[in-house]
Amino acid sequence: MSKATLTAVFIAFLLTSSGAKPNGKNKKPKQAVPAIECDMRAGKINLSEFIVKCPANCRETKEKVYGTGVFASISSICNAAIHSGVITNSGGKVIVTKMAGQMIYKGSFANGVRSLSLPNRRESFSVSVGKPKKGVTYPSTLVFVPSRPTTVKTASPVTEAVETEPSSTAAPPTTTHVTTPITTAPPITTSAKPRVINHRVPEAAPAPEHKPPSETSSPVPEVLSQGDSNCKVDIAFLMDGSWSIGKRRFEIQKDFLVGVSQVINVGVAGPMMGIIQYGDDPVTEFSLKHFSSSIDLTPAISKIVQKGGLSNVGKALSYINKHFFSDANGNRGGAPNVAVVLVDGWPTDEVEEASRLARESGINIFFVTIEGPDENEKQNVVETNFVDKAVCRTNGFFSFPIMSWFALRKAVQPLVKRVCDTDRLVCSKTCLNANDIAFVIDGSSSVGTGNFRTVLQFVANVTQEFEISDTDTRVGIVQYTYEQRLEFAFGQYNNKADLLNAIKRINYWSGGTSTGAAITFAADQLFSKSKPNKRKIMIVITDGRSYDDVRAPALAVHRKGVIAYSIGIAWAAQDELEYIATDPDRDHSFFVDEFDNLYKYVPKIIHNICNEFNSQPRN
């Protein structure tokens with residue numbers, strides 16, 4: 001055998017022994033990626049790490065997401081991925097990695113998805129770009145958590161079945177039967193006194209230091225009440241712990257709070273409830289994140305001990321404004337903030353300034369006053385008409401005068417009805433919408449005198465919906481062509497009648513269209529003079545393409561915290577409207593084909609402004 005033949009045989013042997021294919025390439029098997037629906041939750045899949053493919057348009061489904069960066073296992077995988085920037089709303093591949101639960105999940109807004117805050121959860125997950133590392137192959141099929149059978153039935157249509165989501169390293173869970181009936185989850189509709197009789201209170205730590213039970217010490221699955229989704233509010237009850245109330249009335253007050261907690265049906269998708277006791281100084285008995293069901297609240301309220309002292313309500317309101325409604329304490333961002341103040345007699349400090357600052361921060365304040373001062377006692381009141389100064393001027397909606405402590409229980413149902421009126425709370429003109437609104441109006445030649453008057457009527461219609469004052473909403477207007485003109489500044493007109501008359505008196509200018517310069521002018525002349533507690537809103541109205549760049553000026557005001565709306569008419573450029581508008585565009589950019597149709601967008605803009613005020617996290 002020749003040397004050449006031996007060499008060929010040796011090479012053939014090497015190729016055969018290495019498993020290489022005749023063409024010299026060893027192809028890596030292609031990763032099979034299972035597809036999921038937009039609403040698939042990470043906790044439903046019983047794998048520690050896996051890859052999935054999300055469809056398009058998941059953001060529009062508005063499935064719930066809890067957390068930022070690290071998400072609670074009850075979150076939608078696809079919406080968590082959009083929130084994190086791993087995929088866009090067009091869909092794509094996502095790698096999901098399970099991890100241990102967190103004590104708190106902090107909500108935020110990113111990439112068009114609002115994530116909510118949530119208390120303790122047993123399992124978390126993170127998401128990353130769906131490109132497997134070299135040598136890593138993920139399961140081609142998904143293993144789902146088996147549904148846990150349950151015999152518990154509830155009367156509330158919004159209460160979901162208890163969901164078991166095991167740790168990613170554990171074997172699939174075995175069925176555990178819950179023998180304790182859940183009797184307080186559905187809303188109570190009777191008018192009987194809502195005190196729980198012979199309720200067995202488990203031995204536990206005092207309410208202010210309440211912690212969820214360790215998941216490793218008990219085989220019972222976590223019970224996460226969904227609550228009444230028609231009453232999604234974050235509520236702080238300020239209970240009077242002063243010595244003047246006495247022990248007997250303090251117990252009546254606790255019975256009242258137990259009744260409220262049962263009627264209101266607490267849960268993560270509904271109302272969340274915390275309690276502050278005030279005397280000389282306020283103290284948090286438990287925050288919004290401590291309890292996620294009404295059944296857990298009852299024993300916690302029963303264990304509250306009277307702290308004594310004066311009735312310093314003003315100090316308590318300052319406390320909740322600065323400390324209580326925070327993401328760290330369970331504030332969810334997307335729910336109205338409510339403070340219900342119970343007062344025996346009258347406060348021993350001033351409440352007006354503290355209440356005003358709290359309202360400007362977006363807190364709806366209710367006052368429940370029991371056995372207020374009589375004629376002989378009014379001379380001892382520190383601040384006369386303290387209730388009227390503390391709450392919104394809304395014909396008594398936010399105030400509950402109770403003649404006797406023994407009549408307090410009758411206020412449970414009426415109070416719950418009001419604090420659950422989310423439409424009223426989300427757009428409470430006096431309290432929630434402490435805004436500085438700048439209208440930037442196109443006065444170019446293409447608009448014309450008649451259409452300009454239509455624009456002014458639109459501005460007046462939007463303005464009409466807000467409570468106008470120096471401490472409520474203020475309005476300023478800029479008209480622009482090639483140049484800019486400040487029609488009037490924030491605070492120049494501090495009552496609604498004068499403001500509406502000033503809008504009517506604005507004269508049409510006529511000229512070119514330099515929208516970018518107008519935005520910069522509004523930032524310099526109006527928003528530079530905004531008050532710290534005011535929400536800054538800019539509404540740009542134009543009927544054509546700008547002669548200058550709008551992107552840089554719009555980006556500059558966005559970075560300064562201005563929420564920008566763009567309204568285009570007729571020949572307005574869609575790309576410019578999107579540059580001007582705050583993300584997401586669908587909530588902040590609007591287009592109409594003719595001026596006469598502007599009026600159709602008044603309710604939409606009002607709703608979005610009100611809803612957005614309420615959805616911003618308080619730090």
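Residues numbered from 1 in each chain as written. Predicted model: local features only at pLDDT ≥ 70, side-chain atom pairs only at ≥ 80, totals over all residues. Heavy atoms only, no water.

Along the chain, the regular secondary structure elements total 16 helices and 21 strands. The buried share among the 619 residues of the chain stands at 52%. Taking the intrachain contacts of the chain between residues at least 6 apart in sequence as the baseline, contacts between residues at least 24 apart amount to 80%. Put simply, the chain shows about 28600 Å² of open surface, and 52% of that area lies on carbon and sulfur atoms. (Helix = DSSP H or I, 4+ residues; strand = E, 2+ residues; numbered from the N terminus. Buried < 20%, exposed > 50% of the residue type's maximum accessible area, 1.4 Å probe, protein only. Contact = heavy atoms within 4.5 Å. Areas by Shrake-Rupley, 256 points an atom, 1.4 Å probe, with all protein chains shown as cover.)

Now for the sheet that holds strand β10 (residues 234-240). One open sheet accounts for six strands, arranged β12-β11-β10-β13-β14-β15; its pairing is mixed. Among the strands making up the open sheet, the edge pair consists of β12 (282-286) and β15 (399-402). Adjacent strand axes in the sheet meet at a mean angle of 20 degrees when their direction is disregarded. Pairing between strand β11 (residues 272-278) and β12: four bridges, direction antiparallel. Looking at the pairing, Q277 lines up with V283 of β12. (Pairing = 2+ DSSP bridges. Axes fitted to C-alpha atoms, helices over the stretch in contact; angles between N-to-C directions.)

As a further point, take the pattern of salt bridges. Between side chains of opposite charge, a pair can form when the charged atoms approach closely. Under the defined criterion, the tally for this structure stands at 13 salt bridges. With a shortest N-O distance of 2.9 Å, R474 and D436 are connected by a salt bridge. In this pair, R474 sits in strand β17 (residues 474-480) while D436 sits in strand β16 (residues 435-442), placing the two residues 38 residues apart along the sequence. Like D436, R474 is buried. Bridged by salt links that share partners, the residues D436, D470, R474 and K531 form one connected network. (Salt bridge = Lys/Arg side-chain N within 4 Å of Asp/Glu carboxyl O.)

The six strands lie next to each other as β18-β17-β16-β19-β20-β21, forming an open sheet whose pairing is mixed. Both outer strands of the open sheet, β18 (484-488) and β21 (589-592), are each paired with one neighbouring strand and no more. Mean inter-strand twist for the sheet, computed between neighbouring axes without regard to direction, equals 20 degrees. Two strands pair when backbone bridges link them, and β16 and β17 are joined in this way by seven bridges, in the parallel orientation. Along β17, the bridge assignment pairs I441 with Q479. In the packing of helix α10 (residues 449-464) onto the sheet, the strands contacted are β16, β17, β19 (535-542) and β20 (563-569), and the crossing angle to β16 comes to about 170 degrees. Helix α12 (residues 515-525) rests against β16, β17, β18 and β19 of the sheet, and its axis sits at about 45 degrees to β18.

The next thing to look at is the nonpolar core. If you look at the biggest cluster of nonpolar residues, it comprises 70 residues, and the most contacted ones within it are F237, L238, L317, V340, F366 and F367. Here this core takes eight residues from helix α3 (residues 246-264), the largest share from any one element. In contact with F366, not counting residues within four places along its chain, are V338, A339, V340, V341, F397, F398, F400, L415, R418, V419 and L425. In terms of nonpolar packing, the next biggest core, distinct from the first, is built from 36 residues, L456, V459, V602 and I605 among them. (Core = buried A, V, L, I, M, F, W, Y, C linked by side-chain atoms within 4.5 Å.)

Take the environment of S108 next. Position of S108 relative to the elements: it lies in strand β6 (residues 108-110). Here S108 falls in the buried class, since its relative accessible area comes to 17%. Spatially, the C-alpha atoms of S108 and H83 are 8.9 Å apart, while their sequence positions differ by 25 residues. In this structure S108 touches T68, H83, V113, R114 and S115, once residues within four positions along its chain are discounted.

Right, let's talk about the confidence of the model for the chain for a bit. Confidence in the prediction of the chain, expressed as mean pLDDT, is 79, and 77% of residues score 70 or more. Across residues 150-223, where pLDDT falls below 50, the model places 106 contacts with residues more than four positions away in sequence or in other chains. Every residue in residues 427-432 scores below 50 in pLDDT, and together they form 26 contacts with partners more than four places removed in sequence or on other chains. (pLDDT = per-residue confidence, 0-100.)

The next thing to look at is the state of the cysteines. Here a disulfide denotes one covalent bond, and it connects the sulfur atoms of two cysteines. With the rule as written, the count across this model stands at three disulfides. A sulfur-sulfur distance of 2.2 Å marks the disulfide that ties C54 to C78. What sets the handedness of the C54 and C78 disulfide is the S-S torsion sign, and at about -95 degrees it is left-handed. Here the residue C54 occupies a position in strand β1 (residues 49-54), and C78 occupies one in helix α2 (residues 77-84), the gap between them amounting to 24 residues. Here the two residues C54 and C78 agree in accessibility, since each one is buried. The disulfide partner of C231 is C420, and the gap between their sulfur atoms is 2.0 Å. Where C231 bonds to C420 through sulfur, the torsion about that S-S bond is close to -70 degrees, and the disulfide is left-handed. Of this pair, C231 sits in the loop between β9 (123-129) and β10 while C420 sits in the loop between α8 (412-419) and α9 (422-426), and the two are 189 residues apart along the sequence. On the basis of relative accessibility, which here comes to 0%, the residue C231 falls in the buried class. (Disulfide = S-S within 2.5 Å.)

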